Amino acid sequence: MFGRPSRTGRALQYLALAGYLIFLGFPLVWLLSTAFKPPRELVQLHPSLIPSNPTVQNFVQAFTEQDLGRAALNSLQVSLASAVLTVLVAMPASYALARFRSKLGTAALGWVLLSQLFPFVLLIIPIFLILRQVGLANTHAGLVLIYVVWALPFALWMLQGFVRNIPRELEEAASVDGASRLQVLRRVVFPLLAPGLVATALFSFISAWNEFFFALVLVKTPELATLPVALARFVGIEGTARLGPLAAGSLLATLPSLIFFAFMQRRLSSGSLAGAVKG
Amino acid sequence: MTTLAERPDVERAGRTRRRTRSRSDRTAIYLLLLPSLLPILVLSVFPLLRGIYLGFTDARAGRNVEVSFTGLANYRELLGDELFWNSFKIGLLWALGVTVLQFLLALGLALLLNQQLRFRGVARVLAVVPWAMPPVVVGILWKLVYHPDAGLLNEFFHRIGADGLRTNWLGDFSTALPAVIIVGVWAGMPQTTVVLLAGLQGVARELHEAAAVDGASTWHRFRHVTLPALAPVIVAITSLDFIWNFNSFGLVYVLTAGGPGGKTMLPMLFAYEEAFRYGNYGYAAALGNVMVVIIVALLAVYLRRRLREAN
């Protein structure tokens, strides 16, 4: 249907695809390989692509010596709290946005785009000052608050799309049958919205899990550091032998988002979530 | 089935009722919106406005520091600050370099993925993985690749017998910025590819077929069918990419922290240092303001030119 490309055309296409696979894939293979290399192979003059004596020692070391375990727990706590709070706060508003037209709603959605434009520096200093004033600087609670606010515009936009997909007729039918407004929401809207709620929670979880800048500036106590910040500090004290645990920790830090992406693969490839997770 | 015909009226009646059901309804709407709008106002809109204002003051770190309005003093200082100009130039090179390369490579990949090729599945998965990685991890990953002794790249040059090309990629003055730009491209390609691929799948098949029947070559079909249909998507994603790249922080912070000798000191890193190392809040905020103005100006020029081309 596109006209069959000539044999050389095809060959060129495969050559280009191979180029892409190397560019995209080899750095990943290298991370994997470094994570499983024993110290001796790490400091070798000419490192090999595949470790000859693979070991999980690096993972153990990352957790015991570098305290990445605690950082991972911190991240888990902060991300879970952000996810739950975001969904709780966004749920009523997204319903209102989807079902009633209001200027306020349009303004809230416009903020999604506008907020992308401004560099974090402009936000971070006042936020830092506000949090310090209310005693939430250098706490997980303060960080969670910021993450919820940061995820909210997009979460609202995403959730209200899910609400729109629930036919209004279903709600009307239920209320004709004598269900109260609250009952309609609980028995009809809520169950149908569940996938949307899960997707929104996941989005919020991942953006909190991956976030670096706010966590770096707002949390100063090393014991409270989240995983990205702990990993970044870890980079500072590298020696060649330390690269193994560093790679192992990085690999673990990627797992949650990988699972999320596997989960969202279909939506992603259809492009409907494009821009969901900011780099 | 008279109900079918009556339905629109019922609906309309319902809607007007909803509109006139006003007062209690309006309070209900506001109550529903409040839990979302309040935090956004307090922790996003207000800080932003205050941040913009701080750019016109001499605010500094520390408690009980008096802040006074200084008008354009910060901007006068910025004009004469060689470090700022240097950082600004680097930021522009970085943002433009990453955005353009990212777009070209992503377009190529999207076109390939849109074909019936073998290994397409693998490529699709691989194309998305960098997106799933936290920026800090991407930074660490490429630090491992660029590592002068234990790195993949130097080892590769050794294996192909090109030892002369081995270098300390992130530590050398001449290679640091290009090396960092490549990482930016790698990290940002997935989003761009996914968006472009979605756009490509929206290009009508019939147009291609018609063009093919008319004897248009592959290149002609790409140039005159695919590209025009894809144009709005391209403008949107390149604009967003540019904004994101100009404001990016974590990746380069981990890779080089602005070094060597400030060769990769992106404006965001520069502002971060001013604010949180030297405590010059006002000056850093002024820098943020300048960045917003520049981004908006560049985008305006770009979008206007695209619009004119479209007409």
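Residues numbered from 1 in each chain as written. Chains lettered and ligands numbered in written order. Predicted model: local features only at pLDDT ≥ 70, side-chain atom pairs only at ≥ 80, totals over all residues.

Draft legend 1. Highlighting the overall build of chain B. The secondary structure content of chain B amounts to 13 helices and zero strands. Taken from N to C terminus, the helices and strands of chain B fall in the order α-α-α-α-α-α-α-α-α-α-α-α-α. Relative to its length of 311 residues, chain B is extended, with a C-alpha radius of gyration of 26 Å against a globular reference of 19 Å. Overall, chain B is about 85 × 70 × 35 Å in size when its C-alpha atoms are taken along their principal axes. Here chain B holds 311 residues, and 41% of them are scored as buried. A fraction of 69% describes how many contacts in chain B between residues 6 or more apart in sequence connect residues 24 or more apart. (Helix = DSSP H or I, 4+ residues; strand = E, 2+ residues; numbered from the N terminus. Rg over C-alpha atoms; globule rule 2.2 N^0.38 Å. Buried ≥ 20, exposed ≤ 12 C-beta atoms within 10 Å, placed from the backbone. Contact = placed C-beta atoms within 7 Å.)

Draft legend 2. Quick look at the overall build of chain A. Tallying secondary structure elements over chain A gives 12 helices and zero strands in all. When the helices and strands of chain A are read in sequence order from the N terminus, they spell out α-α-α-α-α-α-α-α-α-α-α-α. Taken across its 279 residues, chain A has 43% of its residues classed as buried.

Draft legend 3. The interface of chain B and chain A, seen in detail. Taken residue by residue, the interface counts 78 residues in chain B and 78 residues in chain A. When residues of the side of chain B that touches chain A are assigned to their parent elements, the largest contribution, 16 residues, is made by helix α2 (residues 22–54) of chain B. Among the residues forming the side of chain B that touches chain A, the class breakdown is 59 nonpolar, 12 polar and seven charged. (Nonpolar A, V, L, I, M, F, W, Y, C, P; charged D, E, K, R; others polar.)

Draft legend 4. A look at helix α8 (residues 176–201) of chain B. All names here are of chain B. Here α8 is 26 residues long and its end C-alpha atoms lie 38 Å apart, about the 38 Å a rise of 1.5 Å per residue gives. The largest bend in α8 comes to about 40 degrees, at G188, with the proline P190 one to four residues further on. With 21 of 26 residues buried, α8 is to be regarded as a mostly interior element. (Expected span 1.5 Å × (residues − 1). Bend = angle between axes of the 7 residues up to and from the residue.)

Draft legend 5. Fine view of the domain arrangement of chain B. Splitting chain B by domain gives domain 1 (2–38) and domain 2 (81–310). One C-alpha centre belongs to domain 1 of chain B, the other to domain 2 of chain B, and the line joining them spans 46 Å. (Domains from an automatic or database assignment.)

Draft legend 6. Seen up close, the domain arrangement of chain A. By the assigned domains, chain A splits into domain 1 (7–59) and domain 2 (67–237). When each unit is reduced to the centre of its C-alpha atoms, the spacing between domain 1 of chain A and domain 2 of chain A is 36 Å.

Draft legend 7. Here's a closer look at unusual backbone geometry. Located in the positive-phi region is A:N138, a residue other than glycine, with phi close to 60 degrees. Tracing the backbone shows A:N138 in the loop between α6 (120–133) and α7 (140–164). Phi at B:A257 is positive, roughly 55 degrees, even though this residue is not glycine. Relative to the assigned elements, B:A257 resides in the loop between α11 (250–255) and α12 (267–276).

Draft legend 8. The arrangement of the UniProt feature "transmembrane region" (unreviewed entry) in chain B in detail. Residue and element names in this part refer to chain B. The positions that UniProt labels "transmembrane region" (unreviewed entry) are, in the present scheme, residues 27–49, 92–113, 125–145, 176–204 and 281–303. Helix makes up 100% of residues 92–113 and strand 0%, whereas the separation of the span's terminal C-alpha atoms amounts to 31 Å. Along residues 125–145 one finds 90% helix and 0% strand; the C-alpha atoms at either end are 21 Å apart. (UniProt positions renumbered as here; feature names shortened; annotations may be inferred.)

Draft legend 9. Main features of the packing of α12(B) against helix α13 (residues 281–310) of chain B. Residue and element names in this part refer to chain B. Close contact between α12 and α13 brings their axes to 7 Å; oriented N to C, the two are set at 160 degrees. In terms of orientation, α12 lies roughly antiparallel with respect to α13. When you trace α12 past α13, the crossing you get is left-handed. In this structure, α12 contributes P267, F270, A271, E274 and A275 to the contact, and α13 contributes Y281, Y283, A284, L287, G288 and M291. (Axes fitted to C-alpha atoms, helices over the stretch in contact; angles between N-to-C directions. Parallel < 35°, antiparallel > 145°, perpendicular 65-115°, else oblique. Left-handed = near helix turned anticlockwise from the far one by under 90°.)

Draft legend 10. Highlighting the UniProt feature "transmembrane region" (unreviewed entry) in chain A. All names here are of chain A. Taken from the UniProt record, the annotation "transmembrane region" (unreviewed entry) applies to residues 12–32, 76–97, 109–131, 143–163, 184–206 and 243–263. A helix fraction of 100% and a strand fraction of 0% characterise residues 12–32, whose end C-alpha atoms lie 30 Å from each other. End-to-end, the C-alpha atoms of residues 243–263 are 30 Å apart, and along that stretch the chain is 100% helix and 0% strand.

Draft legend 11. Summary view of the UniProt feature "domain: ABC transmembrane type-1" (unreviewed entry) in chain B. Sites flagged by UniProt as "domain: ABC transmembrane type-1" (unreviewed entry) map to residues 88–302 of chain B. Counting secondary structure, residues 88–302 of chain B comes out at 75% helix and 0% strand; the distance between its end C-alpha atoms is 19 Å.

Draft legend 12. Summary view of the packing of helix α4 (residues 68–99) of chain A against α7(A). Residue and element names in this part refer to chain A. Contact geometry of α4 with α7 gives a least axis separation of 6 Å together with a crossing angle of 40 degrees. Here α7 runs oblique to α4, going by the angle between their axes. Every pair of crossing elements has a handedness; the one defined by α4 and α7 is right-handed. Considering only residue class, the contact of α4 with α7 consists of 20 nonpolar, seven polar and two charged.

Draft legend 13. Representation of helix α6 (residues 135–146) of chain B within the structure. All names here are of chain B. Here α6 contains 12 residues, and its C-alpha end-to-end distance of 16 Å stays within 8% of the 16 Å for a straight helix at 1.5 Å per residue. Burial analysis of α6 places 12 of its 12 residues in the buried class, the great majority of the element. Buried residues of α6: P135, V136, V137, V138, G139, I140, L141, W142, K143, L144, V145 and Y146, and no others.

Draft legend 14. Main features of the nonpolar core. In terms of nonpolar packing, the biggest core is built from 164 residues, with A:V121, A:I146 and B:L287 touching the most fellow members. Here A:V121 is in contact with B:M268, B:A271, B:Y272, B:A275, B:A284, B:A285, B:L287 and B:G288, once residues within four sequence places are set aside. (Core = buried A, V, L, I, M, F, W, Y, C linked by C-beta atoms within 7 Å.)

Draft legend 15. The environment of B:P130, seen in detail. All names here are of chain B. Note on placement: P130 falls in helix α5 (residues 120–132). In this structure, the C-alpha to C-alpha distance between P130 and T256, residues 126 residues apart in sequence, is 19 Å. When sequence neighbours within four positions are dropped, the list of residues in contact with P130 reads V138, W186, A187, M189 and P190.

Draft legend 16. Geometry of the environment of A:D67. You can see A:D67 is positioned in the loop between α3 (57–64) and α4. For the pair A:D67 and A:F26, spaced 41 residues apart in sequence, the C-alpha separation works out to 29 Å.

Draft legend 17. Region of the structure containing the confidence of the model for chain A. Residues and elements named next belong to chain A. Summing up the model confidence of chain A, the mean pLDDT is 83 and the portion of residues at 70 or higher is 89%. Element-level pLDDT for chain A is lowest in helix α5 (residues 103–117), with a mean of 73, against a maximum mean of 92 in helix α10 (residues 213–218). With pLDDT under 50 throughout, residues 268–279 is counted as low confidence; its partners more than four residues away or in other chains account for 30 contacts. (pLDDT = per-residue confidence, 0-100.)

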